[in-house]
Structures are given as C-alpha cells and as structure tokens.
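Report on the structure
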2 protein chains.
Amino acid sequence: MRLVIIGGSDAGISAGIRAFELDPYMDISVLLADAYPNYSICGLPFFLSGETPDWRMLAHRTDFPGIKLFPDHTATVIDTRSNCVVAANAQGEKHSFQYDRLVIATGARPVTSAIQGTELHGVFPLHTMDDSFSMDKYLREREPGSVVIVGAGYIGLEMADALTHRGLEVTLASRSETVLETLDPSLAILVEQELRDRHVSLYKGVKVDRVCQSGNGLRVMGTRGFDATADMVLIAVGVQPDSRLGVESGLATGIKGAIRVNLRMETTLPDIYAAGDCVETWHRLLQRNAYLPLGTTSHKQGRIAGENAAGGSAKFQGSLGTQVVKVFDLVIARTGLRESEALASGFEPLTVESTWNDHKAYYPKARKLHIRVTGDRTSGRLLGAQIVGQYGSEISKRIDVVAVALHHEMSVEQLSDLDLSYTPPLSSPWDPIQMAAQSWGQARKAATANFSVT
Amino acid sequence: MRLVIIGGSDAGISAGIRAFELDPYMDISVLLADAYPNYSICGLPFFLSGETPDWRMLAHRTDFPGIKLFPDHTATVIDTRSNCVVAANAQGEKHSFQYDRLVIATGARPVTSAIQGTELHGVFPLHTMDDSFSMDKYLREREPGSVVIVGAGYIGLEMADALTHRGLEVTLASRSETVLETLDPSLAILVEQELRDRHVSLYKGVKVDRVCQSGNGLRVMGTRGFDATADMVLIAVGVQPDSRLGVESGLATGIKGAIRVNLRMETTLPDIYAAGDCVETWHRLLQRNAYLPLGTTSHKQGRIAGENAAGGSAKFQGSLGTQVVKVFDLVIARTGLRESEALASGFEPLTVESTWNDHKAYYPKARKLHIRVTGDRTSGRLLGAQIVGQYGSEISKRIDVVAVALHHEMSVEQLSDLDLSYTPPLSSPWDPIQMAAQSWGQARKAATANFSVT
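Rules used in this analysis
Residues numbered from 1 in each chain as written. Chains lettered and ligands numbered in written order. Predicted model: local features only at pLDDT ≥ 70, side-chain atom pairs only at ≥ 80, totals over all residues. Heavy atoms only, no water. Helix = DSSP H or I, 4+ residues; strand = E, 2+ residues; numbered from the N terminus. Rg over C-alpha atoms; globule rule 2.2 N^0.38 Å. Buried < 20%, exposed > 50% of the residue type's maximum accessible area, 1.4 Å probe, protein only. Contact = heavy atoms within 4.5 Å. Lys, Arg positive; Asp, Glu negative; His and termini not counted. Charge placed at Lys NZ, Arg CZ, Asp CG, Glu CD. Buried area = accessible area lost by both parts, 1.4 Å probe. Polar contact = N/O pair within 3.5 Å; in protein donor to acceptor, adjacent residues only side chain to side chain. Nonpolar A, V, L, I, M, F, W, Y, C, P; charged D, E, K, R; others polar. Expected span 1.5 Å × (residues − 1). 1 Å grid on protein atoms, 1.4 Å probe; cavity = no way out; pocket = protein on both sides within 12 Å on 5 of 7 lines; lining within 4 Å. Points joined across faces, edges and corners; volume = space filled by probe spheres on them. Least-squares fit on C-alpha atoms with pLDDT ≥ 70 in both. Pairing = 2+ DSSP bridges. Axes fitted to C-alpha atoms, helices over the stretch in contact; angles between N-to-C directions.

Let us look at the overall build of chain A. Counting its regular elements, chain A contains 10 helices and 25 strands. The C-alpha radius of gyration of chain A comes to 23 Å, within 12% of the 22 Å expected for a compact globule of 454 residues. Dimensions of chain A, computed from C-alpha atoms along their principal axes, come out at roughly 70 × 60 × 40 Å. Expressed as a percentage of the 454 residues in chain A, the buried residues total 59%. Contacts spanning at least 24 positions in sequence make up 62% of the contacts within chain A whose residues lie at least 6 apart. Charged side chains of chain A number 44 positive and 51 negative; the gap between the two group centres comes to 3 Å.

Below you can see the structure in the form of structure tokens.
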C-alpha cells in the first residue's frame, strides 16, 4: 500500500506518523515544498525575537521513522485517474509518485492583500521558514531601529512583542477598532494597555493601503491619515487555505475556498484525504463547518487522515476554536463562542465578565484573571469563555478546563460540579472558572423574570 | 423557616451562603466552635512560614450577608424530637437554637495518635486557627532552630517547606516507605529528592511512638532506631471525621465513622443535612462512598446542603479525589485512581509513566512534567493521572483537564480528541496530557496480544 502525502508540516507529518504506527508495512512518502519537515511555524516569532537562538530548535521532531521525505518537491499535478502525483524538485525536474491513498496537507498561505508596495525590500510576510530567514537576515544586516506591523491578530501581536524584545520601536496598525478581533472589546482593552505599557504605538481602525520608499526608510500609509515611517514593515493580515492543487484536481471546496472533508477527513474524491490549514473544519459547537487554521487542529486532523488512510475509521471530533496567545506578560485565551458568534448562530447568549485572583490573595503574587463566560440564557448551556491575565496564572489550562466542559455540552451551572484541584498557591476552593460560572448564574437569575431554581 | 448550621468553616458557611442566595427570607444561624468563620485552614502553613504575614488574610470572606454568626458557641446536644440544638458559649452559658432545617458541618479532627508525650510544651498539632496561633507564638518567643515533623502527608510536606522557609532545620519522619502515600512511589522519589535538595532530613518507614524532654530540647523516638532531638515537634498524622455530635443524635455513620449522607447531603434523620469533612463522600469513579476530607469537596457539599435546606433538590456529583500540593518548587497533583486503588476496585489497570516538556523546548525555561496515566486495559477507560513537575508548569489545571475527562467517563484514547489550547510558551500542539495518553495507548497495544484498532 502506497501512501503519498503532499505537505510536510503539522498535518502531513502527523498523517505519516500515524499511518506508520498502525501499518508498518505501508510505503509512505511525504512531499515537502520546502526543506523543513514539521517545523513549528508558531515558533517563528520566538526565533525572530532572539529567544530561540537557533532555528533548528523549531523542529517538532527530527526523525521520521517509516517515512520517506522528499524535501523541495512541489506537487504540481494530481492525476486522479492514474492515482499519480507529479512534483517538481528544486532543479525543476519532475517526478511521479504513484499512490493508493493520498493525503493533501498543503496548508495555508497569506491572504492576498490589496496593499501596494509589498514587493519592496524590507517588507515581509511571515508564514514560512524562508520568510523568517529573510527577515532575520535583514534584522542582522540592516539593524532596523523601527518596524510597522500591519495587522493586530495573533501573529501581529506576537511579533510586536518579539521585535520589541529585539530592540525595535514598534508601530502597530490594526484594521479593527480593537486589537485581536477574536476577543471581546472589554478584554481587548487590557491587551491594548499592555501594548502601550511596552511602548508599542497603536493605531486602530486603520486600513493600510500603500508602502513606498522614503529616503532610507519605508513609508506606510492608510486610512484615517495613517502615515508612518520605519526601517521595516511586516504584513500579518491573515491566511487563507492553500487549496489550489486540490481545486485543480476536482475536489469540492467550501468556506473561504477550503477543501471540503467529512469527519473521516475524506475529500469528495475516493482515496484522497485532506487535513490541516487547507480544509474546512467541523465546529463541534456550531455543528457546521468553519475555517479554523490552527496547529492543534492540524495535528489532530492529520492523525485521523493517517489512521484512516491506513485502513482505520477514526472520526474528527470537531474544533471548539480553543486558542491562547502570550503577548508580553499577558496571556489571552478563548474557547467556544463569544456573544456575537453565539448570537449569529441562533443561540440566546448571555455573557458575564468577572474578575478573580488566580490564587488565594494571602499567598504572595496573586494576580487578576479577567474571565468572560458566555452561555445560553434559555437552556443554560455553556457556549464559551475568554480569559485574560498574567503569564504564570495557568490561564491556558484553565481555558482547557472549559474546553473539555464544552466538549461534553455541560451547562454553565454544572461547572461547579467539577472536582478541580486546589492549593492556596495555585487556586481557590472554587476555581476562578467556577466562580465566574456562578456569577453568570446569578446574572442570569437577575435577568430572567421567570427563573426558578432547578 | 429557621436554618441552623453547626460549624463555621468551609461546608457550614457555604451552606449558609447558598441558602440565603435562594431564600433571602430564611432565618440562618451558624454556630462556630471558635471565632474564625470560614478561615482557610489550608492556608495555615503559609501563615506559619511567614509568607502570609497577617492571619486575618486567611479569611475566605469577611462578610456574611443574611447569616447570623454565633462565634465561640460549641454545640453540645441536638434534640431531634424538639428540633433544637443546645450550644455553650465561651462562658459556659447554654443557649437553645430551634431549627426547621439543620446542617451539621463539624469537620474533622486530628487522628488520635498513640504517640506518648504529645502534651509536652513545644509539641503541636496543626488543625485549627488556635493551633497555628500557639505554634506561631512558640516560633516567635522561643525561636526554635529545629523541628521534627511526624507525618509525610500533605500537611507534613507543606510544613517542611514552611518551616524551612522560616529558617528551621527540618527532620521529617514518614511512617510509609515513600513520602505522600497518595502518590505512586516512582513519583514520590522525585518529591524526596526535592526535600533532600532543600536539606530536609528524611526518615522513612518510621513509626514514631514517643516524645520526651531532653535537656532544653525534645527527643523523638520511633521504630528503626529513629531518635532525633529538636526544639519543636509537629504531629501531622492525618484526620478523622468529627462526627461525635451526629452519632450522639442517632445519625448513621459509615467509613471511618463519617456521617452517612445521600447525594442530597441528607442524613438518615429528616431535616438534618450534613456536609464537609464530617461526612462520607460519594466517589464518582468508584461509585461508592469514601472518606475524602478536602476543602473543595466541603465547599461543594455545603453549597448543596444549603440549596436543599432552602427547598432545592441539588445533587452532589461526586468526588474524584482531585488534589494538588506545592512542596518547595515542586507541584504534585493527582485525580482519579492510581494503579493500586483501581486494582482494589475491580478494574484491570495499566499505568504508564512518561516525561514531557511543559512547553516547547525552543522557548526558554521548558521544564519536565512527569505524568502517570492509569486506564483500564480492557475497556480503555481513563481511571486517573498523577503529575509531578515544577511550580509554574500549569500542573494544577492540567490535572483538572483530566478531572473533567474523568467526570465524563472518557477513554484514555479520547483525550486526544480534546481541543486544548496551544502556544509555544505554554504547551505543545498535543498537550503533554495528550502525549501521555498516546504513550498509554501504545503501551496497551504492545501489552495486548489481540489488540485491534477501533
């Protein structure tokens, strides 16, 4: 049995590893467009900040038992009639790879922005290892003193942190009215305060439309009179599925052009699986597909594609959109739906924000957690949560407690039934998540005329 | 409606607060044996270490809306025919409290030890606020340079940390062959190493039987030739339910003499509820009662007793024995059953230990997590987990992720379906808990001849 995998990042390598685990006799080939199998793209900001001194450390793994890797092999054609993938190597030579099963894991690519001048030297995207090498070289050789970052999503904020750490003056242009559009504004304000405290110049509601050379620097212009000059520009305005090869092969696509798959990660053509940032993702709460390009999801989907390609029948259990990011000393986490998303999906959401110490205040260094809990006011069902607080406050795993509760369709009230751990240096007898849930219950009771205790 | 609550610690106060939330017209009285309503007994080690400078900070709360507190009122009799509690105040005067509903929350007391000489000056238990005041006074006035701690459970270890922090030389006598009997030996060894690194003298398998005066010091003797002299002795050999009042009132008792209750926290007599360290606790995994005196459980049970006393019908959803303790820079957490407990309860456990970084190694300060996962080798069901690692590695909330999974009877394999959060400074694309679960799956496959992928 020949398994060919197009793409050597999280989803592709996970598929190969899982297939080999289950069937050590399978002939597994992974075609990589670059030379960096299973590198942690999420780690690029830390390489660029200098915190990760050697880019080689970014490899999630360095040995790939049972997998034949073909670096610098860009797949150009999938011939679904003859079950053959054609790939071009660095020299432009074409090779054919016969498959019995195929996994497409071509990932995402930066959205095509309408910004003029992005081809100028000193203007960078940040999506691939090569992007980061180019930027690192520029940083070392040109020693820029300042940067304009276009985009205030996860990458934009992590890079604001990273380049501040590297000594640059950072200007951040956010298209939205608050940073991190995936977060409710009342929490985004806390992130903005942290940025200001770290001397990041923040401009909101700005649509950048042009970069041009200006003396020795780069001039960046946009709406609301945005006009900034810096030694370097980073464009981080989001990604889109790289489904071009799949589309050309006749695969059906859906949201944002992502490849359509079922829960077994099967595409609309036989023996072809797809996984990771190039596919639609089943949202467990919404009970419909969404586009959620996340490393965690890519690993899971790749593993399932690999298992099924090896004859298994695993099913992807869905995403909840669980995410966390560290920006300077703040940690920002979310899972499930927030108010606006829940409303758009037919729920009757109630969102309650409350603030708690991460552990008992009598033990040193207690710090505030800002928690927003969203639940359905009619059914009482838990829909999501967002937490903002300090690095070290176990925020990431606190949001995970909520994620597991969401996985099991718990009500907000039932969070208080959970037997969570407590010691004064780390929590309180009711975990902050449970106290936030109890605040939600009280607010719901206050808001609901005919509420009765059940 | 008159609600009388005997006991003003976690369970009693939680009951009062919840009853008032649901029925603000209820007449709620809480009889406290001491003067410290809802103080954090779990915080005593930090008061004694000096990290919590003022004991008043240990109050979980300082206002008790809707609750009449009667401090220094020791309940002496419950007359179940006339629905009346008699309590004696500090002056020995007796007062009667009529009730329609009664909640007994008399907590636990130290086990009666067979150790001779515990009445000597300088020998302390640590269970009440007054115990801690006596010890603190002794520490301040006598400035002891050394202490022998008898017992290597949670309190013994926390106090070894606390008194080292306060500058004392600590000798720890453990009755069991490894410290922390609630932990598997391979992990307990890590705790023992931490104790040695902090210059705690550790003696294991020692049954202390006698304390006597020796010159200016106290001499502590036990089996295996244990013979140590110190300026102070702490006896921390465990607790038992303080159910004496309940027993005298005719309530049925069970394990270790704890008051028998159902999931509504009803005792065997009408209109009398009980909660907290004086009652049996439903174990959600074992599906039978156990004795698990924990602050988290006391809060939950008290809340349920209060809700039901106010006319509700809440049910306690059971304990999983989730616990965490910090000892110097180590954090030790567990939930569910470990191998020996699972075996004793009719499961066919398989336990697999694995070691993982708490976050991606390329981001600074990654530290090892030692994880033991126990599951049923036949059904694949998750039974429990133990984690030992460094303070700051989100161990407490990682064990909580497992606790929520246990709550929902997940299989070990299903842990990999959970959509957990990831950013390189805080985790990896598969959380260590998920990687540990995958290691368990591989070990099970290797151990099971007829294993087939499902």
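Having seen the model, we can carry on.
Attention now goes to the interface of chain B and chain A. At the interface, 72 residues of chain B touch 72 residues of chain A. In total, chain B and chain A occlude about 6400 Å² of area from one another, counting both sides; carbon and sulfur atoms represent 59% of this. Contact with chain A buries area across many residues of chain B, yet B:Tyr362, B:Lys397 and B:Asp419 alone supply 13% of it, more than any other trio. There are 34 residue pairs in polar contact (both at pLDDT 80 or more) connecting chain B and chain A. Broken down by secondary-structure element, the contributors of at least two residues to the side of chain B that touches chain A are helix H1 (10-22), helix H7 (295-309), strand S21 (323-327), helix H9 (395-407) and helix H10 (432-447) of chain B. Its residues assigned to classes, the side of chain B that touches chain A comprises 30 nonpolar, 24 polar and 18 charged.

What follows covers helix H9 (residues 395-407) of chain A. All names here are of chain A. The terminal C-alpha atoms of H9, which comprises 13 residues, lie 18 Å apart, in line with the 18 Å expected from a rise of 1.5 Å per residue. Taken across its 13 residues, H9 has 13 buried, putting it largely inside the fold. The positive-phi residue at the C-terminal boundary of H9 is Glu409, with phi of around 55°.

So, about empty space enclosed by the protein. Residue and element names in this part refer to chain A. Throughout the structure, instances matching the rule amount to 1 cavity of 30 Å³ or more. Computed from the structure, the largest cavity encloses a volume of approximately 30 Å³. Forming the boundary of the largest cavity are Gly276, Asp277, Val279, Thr281, Tyr291, Leu292, Pro293, Leu294, Thr297, Ser298 and Gln301. Residue composition of the lining of the largest cavity, by class: 5 nonpolar, 5 polar and 1 charged.

In this section: the relation of the copies chain B and chain A. Between chain B and chain A, which share one sequence, the superposing operator has a rotation angle of 180° and an axial displacement of 0.0 Å; the RMSD is 0.0 Å. Taken together, the rotation and translation describe the operation of a two-fold axis.

The subject of this paragraph is the sheet that holds strand S6 (residues 94-98) of chain B. Residue and element names in this part refer to chain B. Ordered in space as S4-S5-S6, the 3 strands form an open sheet in which the pairing is antiparallel. Two strands in the sheet have a free side with no partner beyond their single neighbour: strand S4 (74-79) and S6. Along the sheet, successive strands turn relative to each other by an average axial angle of 25°, direction set aside. Relative to S6, strand S5 (residues 84-88) is paired through 5 bridges, and the arrangement is antiparallel. Note on S6: the bridge partner recorded for Val85 is Phe97.

All right, on to the side chain of B:Gln301 then. All names here are of chain B. By the element assignment, Gln301 lies in helix H7. Residue classification places Gln301 among the buried residues on the basis of a relative accessible area of 1%. Among the polar contacts listed, one links the side chain of Gln301 to the backbone nitrogen of Gly276, at a separation of 2.9 Å.

All names here are of chain A. As summarised here, the arrangement of the 5 strands in space is S9-S16-S10-S11-S12, forming an open sheet in which the pairing is parallel. A single partner strand is all that each edge strand has here, and the edge strands are strand S9 (123-124) and strand S12 (201-204). Summarising the sheet, strand S10 (residues 146-150) and strand S11 (residues 169-174) pair through 5 bridges and their orientation is parallel. Considered in S11, the bridge of Ser146 is made with Glu169. Contacts from helix H4 (residues 154-165) reach S10, S11 and strand S16 (233-235) within the one sheet, and its direction differs from that of S11 by about 170°.

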